[in-house]
Amino acid sequence: MTVHLEVADGVGTLRLDRPPMNALDVATQDRLKELAEEATRREDVRAVVLYGGEKVFAAGADIKEMQVMDHAAMILRARALQDSFTAVARIPKPVVAAVTGYALGGGCELALCADFRIAGENAKLGQPEILLGLIPGAGGTQRLSRLIGPSKAKDLIFTGRQVKADEALALGLVDRVVPAGEVHEQAHAWAARLAKGPATALRAAKESIDTGLETDIETGLAVERNWFAGLFATEDRERGMRSFVEEGPGKATFL
């Protein structure tokens with residue numbers, strides 16, 4: 001299999017495993033969707049790490065596979081391509097991308113599906129599709145512009161240039177830069193911390209933020225309001241408030 005789901009201590013690691021560059025061919029895309037949906041369903045998965053290994057996150061699509069596809073074939077495939085990445089973006093749990101080496105094209109688009117991105121000092125990110133006479137097709141035009149703003153996204157997409165970790169951090173494309181050997185460790189620590197949190201409240205926060213970014217503020221406020229009130233029916237809310245009153249802030253343990 002080209003993608004694996006490994007679960008330990010509440011953290012599910014979605015690991016790309018297609019040497020040497022983790023090229024995202026059709027089989028890998030489909031497997032990614034399958035495992036993202038599994039991570040969504042599994043109660044023992046409370047947070048997720050996206051990881052490609054020590055040397056490379058994902059260098060992009062499988063160009064040799066795409067080269068033989070004509071217009072009709074891609075019309076049939078384009079929705080499935082987007083759906084595989086959307087399945088990752090819609091995991092209703094905290095998701096962090098651990099980016100080492102290249103995250104280009106589809107690799108960058110996959111990292112964009114995470115809630116938080118930790119990059120190694122050796123990371124290089126970009127959307128080079130324009131150099132093939134194409135545009136990003138797995139969400140890059142949409143997620144990148146929402147993350148870093150339209151003008152910065154257009155710069156990266158129009159030129160197809162790669163950015164190193166320090167520039168990616170300055171652009172807001174990644175959230176933290178660490179030594180390359182510490183990427184997975186720090187990503188797992190981030191996920192493990194949140195895996196101990198209140199699962200329903202974390203889901204509510206993620207859905208409220210993501211919905212608000214995709215719609216008008218009134219709709220976003222309605223989603224937030226409904227989740228906020230609904231959380232008063234959860235045991236985690238009772239635990240959190242009781243612990244705050246009796247022990248002080250930050251000491252609650254959740255189910």
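The structure reproduced in this document is the subject of the present report. (Residues numbered from 1 in each chain as written. Predicted model: local features only at pLDDT ≥ 70, side-chain atom pairs only at ≥ 80, totals over all residues. Heavy atoms only, no water.)

## Quick word on the overall build of the protein
Inference 1: Looking only at helices and strands, the protein has 11 helices and nine strands in total.
Inference 2: In summary, the protein has a C-alpha radius of gyration of 19 Å against a globular reference of 18 Å for 255 residues, a match within 12%.
Inference 3: Projected onto the principal axes, the alpha-carbon positions of the protein cover approximately 65 × 40 × 35 Å.
Inference 4: Counting every position in the protein, which comprises 255 residues, the buried fraction comes to 43%.
Inference 5: Taking contacts inside the protein between residues at least 6 apart in sequence as the whole, the part at least 24 apart equals 69%.
Inference 6: Carbon and sulfur atoms provide 55% of the accessible area of the protein, an area that totals close to 13,400 Å².
Inference 7: Averaging the positions of the 31 positive and the 36 negative side-chain charges in the protein gives two centres separated by 1 Å. (Helix = DSSP H or I, 4+ residues; strand = E, 2+ residues; numbered from the N terminus. Rg over C-alpha atoms; globule rule 2.2 N^0.38 Å. Buried < 20%, exposed > 50% of the residue type's maximum accessible area, 1.4 Å probe, protein only. Contact = heavy atoms within 4.5 Å. Areas by Shrake-Rupley, 256 points an atom, 1.4 Å probe, with all protein chains shown as cover. Lys, Arg positive; Asp, Glu negative; His and termini not counted. Charge placed at Lys NZ, Arg CZ, Asp CG, Glu CD.)

## Some words on the environment of Pro150
Inference 1: Relative to the helices and strands, Pro150 is located in helix α6 (residues 150-159).
Inference 2: Taking the C-alpha atoms as reference points, Pro150 and Glu121, separated by 29 residues in sequence, lie 25 Å from one another.

## Re the pairing of strand β1 (residues 3-8)
Inference 1: Of the pairings in the sheet, the one linking β1 to strand β2 (residues 11-16) comprises six bridges and is antiparallel in character. The partner of His4 across the bridge, within β2, is Arg15.
Inference 2: Joining the antiparallel neighbours β1 and β2 is a turn of two residues, in which Asp9 adopts a positive phi near 55°. (Pairing = 2+ DSSP bridges.)

## Some points on the nonpolar core
Inference 1: One finds Leu50, Phe57, Leu125 and Leu173 to be the most contacted residues of the largest nonpolar core, which totals 45 residues.
Inference 2: Counting residues in hydrophobic clusters, the runner-up holds 15 residues, among them Ala47, Tyr51, Ala98 and Ala187. (Core = buried A, V, L, I, M, F, W, Y, C linked by side-chain atoms within 4.5 Å.)

## A look at the sheet that holds strand β5 (residues 102-104)
Inference 1: Pairing is mixed in the open sheet, where three strands are placed in the order β5-β7-β8. The strands lining the two open edges of the sheet, one partner per strand, are β5 and β8 (162-164). Taken pair by pair, the neighbouring strands of this sheet meet at an average axis angle of 20°, ignoring direction. (Axes fitted to C-alpha atoms, helices over the stretch in contact; angles between N-to-C directions.)

## Some details on the pairing of strand β3 (residues 47-51)
Regular strands show a simple pattern: their side chains alternate between the two faces of the sheet.
Inference 1: Extensive coverage of β3 is indicated by the burial of five of its five residues.
Inference 2: Both faces of β3 are covered, namely the face carrying Ala47, Val49 and Tyr51 and the face carrying Val48 and Leu50.
Inference 3: By the bridge criterion, five bridges tie β2 to β3 in an arrangement that is parallel. Its bridge partner lying in β3, Leu14 is registered against Leu50.
Inference 4: For the crossover that starts at β2, traverses helix α1 (residues 26-41) and ends in the parallel β3, the hand is right-handed.
Inference 5: Two elements, β3 and strand β4 (residues 95-99), share four bridges in a ladder whose sense is parallel. Following the sheet pairing, Tyr51 is matched in β4 by Ala98. (Right-handed = clockwise from strand over helix to strand, strands pointing away.)

## So, helix α11 (residues 235-247)
Inference 1: A rise of 1.5 Å per residue sets the reference length of α11, with its 13 residues, at 18 Å; its end C-alpha atoms lie 17 Å apart and thus fit the reference within 8%.
Inference 2: Among the residues trailing α11, Gly248 stands out with phi positive, at a value near 100°. (Expected span 1.5 Å × (residues − 1).)

## Some details on helix α8 (residues 183-195)
Inference 1: The terminal C-alpha atoms of α8, which comprises 13 residues, lie 18 Å apart, in line with the 18 Å expected from a rise of 1.5 Å per residue.
Inference 2: Taken residue by residue, α8 has Val183, Ala187, Trp190, Ala191, Ala192 and Ala195 as its buried positions.
Inference 3: On the buried face of α8, the contacting elements are β2, β3, β4, β6 (116-120) and β9 (176-178).

## Considering the packing of aromatic side chains
Inference 1: Following the criterion strictly, the structure yields two aromatic pairs and no others.
Inference 2: On the basis of an interplanar angle of 5° and a centroid distance of 5.1 Å, the ring pair of Phe116 and Trp190 is categorised as stacked. With Phe116 in strand β6 and Trp190 in helix α8, the pair connects residues that are 74 residues apart, well separated along the chain. For the pair Phe116 and Trp190, one class covers both residues: buried.
Inference 3: Taking 5.5 Å as the distance between ring centres and 75° as the angle between the ring planes, the aromatic pair formed by Phe228 and Phe232 counts as edge-to-face.
Inference 4: Residue classification places Phe228 among the exposed positions, given a relative accessible area of 56%. (Phe/Tyr/Trp six-rings, centres within 6.5 Å; stacked < 30°, edge-to-face > 60°.)

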